[in-house]
Amino acid sequence: TRTEKDSMGEMPVPADAIYGASTARAVANFPIANRPLPGAVIHAFGHLKAACAQANLDLGKLDKKLADAIIAASNEVAEGKHDAHFPVDVYQTGSGTSTNMNVNEVVAHLASTAAASAVHPNDDVNMCQSSNDVIPSAMHVGAAVQLTATLIPAMEHLAAVIERRGAALATVVKTGRTHLMDAMPLTFAQELSGWAAQVRSAIQRLLSVLPRLFELPLGGTAIGTGVNAHPEFAARAVTHLRRATGLDFNVAGNAFQGMAAQDTAVELSGQLRGAAVVLMKIANDLRWMNSGPLAGLGEITLRPLQPGSSIMPGKVNPVVPEAVAMAMTQVIGNDAAVAVAGQSGNFQLNVMLPLIARNLLSSIGLLARASHALADDAISDFTVNHAAIDAALARNPILVTALNPIIGYEQAAAIAKRAYAQGRAVIDVAQEMTSIPRSELEQLLDPVALTRGGIP
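Criteria and cut-off values
- All residue numbers refer to position in the chain's written sequence, counted from 1.
- For a predicted model such as this one, the threshold for reporting local features is a pLDDT of at least 70, and the threshold for listing and counting side-chain atom pairs is 80 or more; totals across whole chains, interfaces and linings nevertheless cover every residue.
- The basis for the side-chain values is all heavy atoms of the structure; hydrogens and waters are excluded.
- To qualify as a helix, a DSSP run of H or I must reach at least 4 residues; to qualify as a strand, a run of E must reach at least 2; elements of each kind are numbered from the N terminus.
- We take the radius of gyration over the C-alpha atoms and set the globule estimate at 2.2 Å times the residue count to the 0.38 power.
- For every residue, the accessible area (1.4 Å probe, protein chains only) is compared with the maximum for its type, and the residue is labelled buried under 20%, exposed over 50%, or partly exposed between those bounds.
- Note on areas: Shrake-Rupley, 1.4 Å probe, and residue coverage restricted to the protein chains presented here.
- Just so you know, the count uses Lys and Arg for positive and Asp and Glu for negative, and it drops His and the chain ends.
- Charge positions come from single atoms, namely NZ of Lys, CZ of Arg, CG of Asp or CD of Glu.
- Pairing between strands is defined by DSSP: at least two bridges between the two strands are required.
- Here, nonpolar core refers to any group of buried Ala, Val, Leu, Ile, Met, Phe, Trp, Tyr and Cys residues whose side-chain atoms link them within 4.5 Å.
- Side-chain atoms alone can form a polar contact between residues adjacent in sequence; in general such a contact is a pair of N or O atoms within 3.5 Å, and within protein one must be able to donate a hydrogen while the other accepts it.
- In this analysis, two residues are considered to be in contact whenever any of their non-hydrogen atoms come within 4.5 Å of each other.
- Between rings of Phe, Tyr and Trp, where Trp is taken as its six-membered ring, a pair exists when centres lie within 6.5 Å; planes separated by under 30 degrees are stacked, by over 60 edge-to-face, and by other angles tilted.
- In our convention, an over-ring charge means Lys NZ or Arg CZ found within 6 Å of a ring centre and within 35 degrees of that ring's normal.

Moving on: the overall build of the chain. Across its full length, the chain holds 19 helices and 10 strands. Taking 2.2 N^0.38 as the reference for a compact globule, 456 residues should give roughly 23 Å; the C-alpha atoms of the chain span a radius of gyration of 30 Å, well beyond that estimate. Projecting the C-alpha coordinates of the chain onto the three principal axes gives extents of approximately 95 × 50 × 35 Å. Taken across its 456 residues, the chain has 51% of its residues classed as buried. Element-wise, carbon and sulfur atoms account for 55% of the exposed surface of the chain, whose accessible area totals about 20,200 Å². Counting 32 positive and 38 negative side-chain charges, the chain places the averaged centre of each group 3 Å from the other.

See below:
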């Protein structure tokens, strides 16, 4: 170890660490989960610290040599080059001050080495800033970057794979189901079009949050009044941030709201939960369709990925849909925690900021990876079991629904019940119980025609 010093005195720090005393205190004080904040949040800090240093240079508040060193060090943090040096636990001080100081100390250490001159973590790196405005800003930046660069493309990929599979299976007719019971027929293309539409609607709902996510309370400093910050600081910093990220960040219209309340984070978390519900619905449909192979529906066969049992040889399970369902359950749980954390704003500051940041970024990552897994390892190459589908379709008594306009509901119900009880094709029973010619029944009960809707 080596000895470092902060405003509270001396503190031993690991010899190879590039952080300082404040970070070491936090590591000692918060051995709660041994789970640091996601890298995406730390990388967002890097972008913010670089933008802030550039703004302070523009305003003449930072010497160019120090500013350039801070900017270079911050960019290294943004690029993920020093992720191992951000060990502070999620469960820490509610403002996230420990993480902000962790970033300040790492940047100051790197910048001091580069500039061959002392760079102070508070006076230089944190100039015109407070943890109270930087932490919620970093959370917004990290979520916006990951949403646009990772999650939305992953969900677009999932929707495209679903649509391609649907188009390839456009002529395959299967039995529809409501209440898990046989219903009227539809094509695979129609069924999968519902999945794709769900995914694309979820994407639109996520995108609708971006205008509010782009608003940053930067410049509010301690409680929203902007004490110790130059009046032009926030606008200049955000301009540099836009250039660095390519995203349309702007200064929040009301810093008090952006620091005391985390309503946008709660909104985004709710939309992430909605997307999780979409993926779980698709995953469970796949599990049902794949069930069997003998005693289930057996409509499709997912690509076998691994043995399914340690005791039953030959058993293969739908492991990817199961993994996705578990991950989406965690996203729903993350949202419940964010909802509780969102109302924990006492007067001028929310005091569960690290938890909110962690859960948002965790949910975004889970959804992105789950989207790829569903698309590439479940939907892209499942095999359709035509024999099982055709056999079930031929014996489906609910096809008799097409006869309602001709013979009425009551007689159609009687035909369906007899066909089901006797295990016979509905067309054979309908021929016995009505005067409709066989040739006309074949047209009326044609499953392909029935997928087009309307009156036969």
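Now that the structure has been shown, we can carry on.
Note on strand geometry: in a regular strand, side chains alternate between the two faces of the sheet. Sheet analysis places strand 1 (residues 2-6) next to strand 2 (residues 9-13), joined by five bridges and oriented antiparallel. Across the sheet, Lys5 pairs through a bridge with Glu10, a residue of strand 2. Counting the residues between successive antiparallel strands, the hairpin from strand 1 to strand 2 contains two residues.

What follows deals with the nonpolar core. In terms of nonpolar packing, the biggest core is built from 120 residues, with Phe188, Leu286, Met328 and Phe382 touching the most fellow members. Examining the composition of this core, we find that 16 residues originate from one element, helix 6 (residues 131-168), more than from any other. Counting residues in each nonpolar core, the second largest holds 18 residues, with Leu399, Leu403, Ile407 and Ala430 among its members.

For the rest of this paragraph, the subject is the side chain of His140. Within the secondary structure, His140 is located in helix 6. A distance of 2.9 Å separates the side chain of His140 from the backbone oxygen of Leu213, its partner in a polar contact. Those residues in contact with His140, other than ones at most four positions away along the chain, are Arg212, Leu213, Glu215, Leu216, Phe249, Gln262 and Thr264.

Counted according to the given criterion, the structure contains two aromatic pairs. Between Phe188 and Phe382 the ring centres are 6.4 Å apart and the planes differ by 35°, which places this aromatic pair in the tilted class. Of this pair, Phe188 sits in helix 7 (residues 188-207) while Phe382 sits in the loop between helix 13 (353-379) and strand 10 (383-384); the two residues are 194 residues apart in sequence, bridging distant segments of the chain. Residues Phe188 and Phe382 agree in their burial class; the two are buried. Both rings, one in Phe214 and one in Phe249, keep their centres 5.3 Å apart while their planes meet at 80°; by these two values the pair is edge-to-face. Taken together, the residues Phe214 in the loop between helix 8 (210-213) and strand 5 (215-216) and Phe249 in the loop between helix 9 (233-245) and strand 6 (250-251) connect sequence positions 35 residues apart. We note that Phe214, like Phe249, is buried. Sitting over the face of the ring of Phe382, Arg165 holds its NZ or CZ atom 4.3 Å from the ring centroid.

Position of Ala276 among the secondary structure elements: in helix 11 (residues 263-290). In this structure Ala276 comes out as buried when scored by relative accessible area, which is 0%. Each C-alpha atom of the pair Ala276 and Phe86 lies 29 Å from the other, and the pair is 190 residues apart in sequence. With sequence-adjacent residues up to four places away left out, Ala276 is seen in contact with Met328, Val331, Ile332 and Leu367.

Okay, the environment of Thr245 next. Following the sequence through the fold, Thr245 ends up in helix 9. By relative accessible area, Thr245 is classed as partly exposed at 21%.

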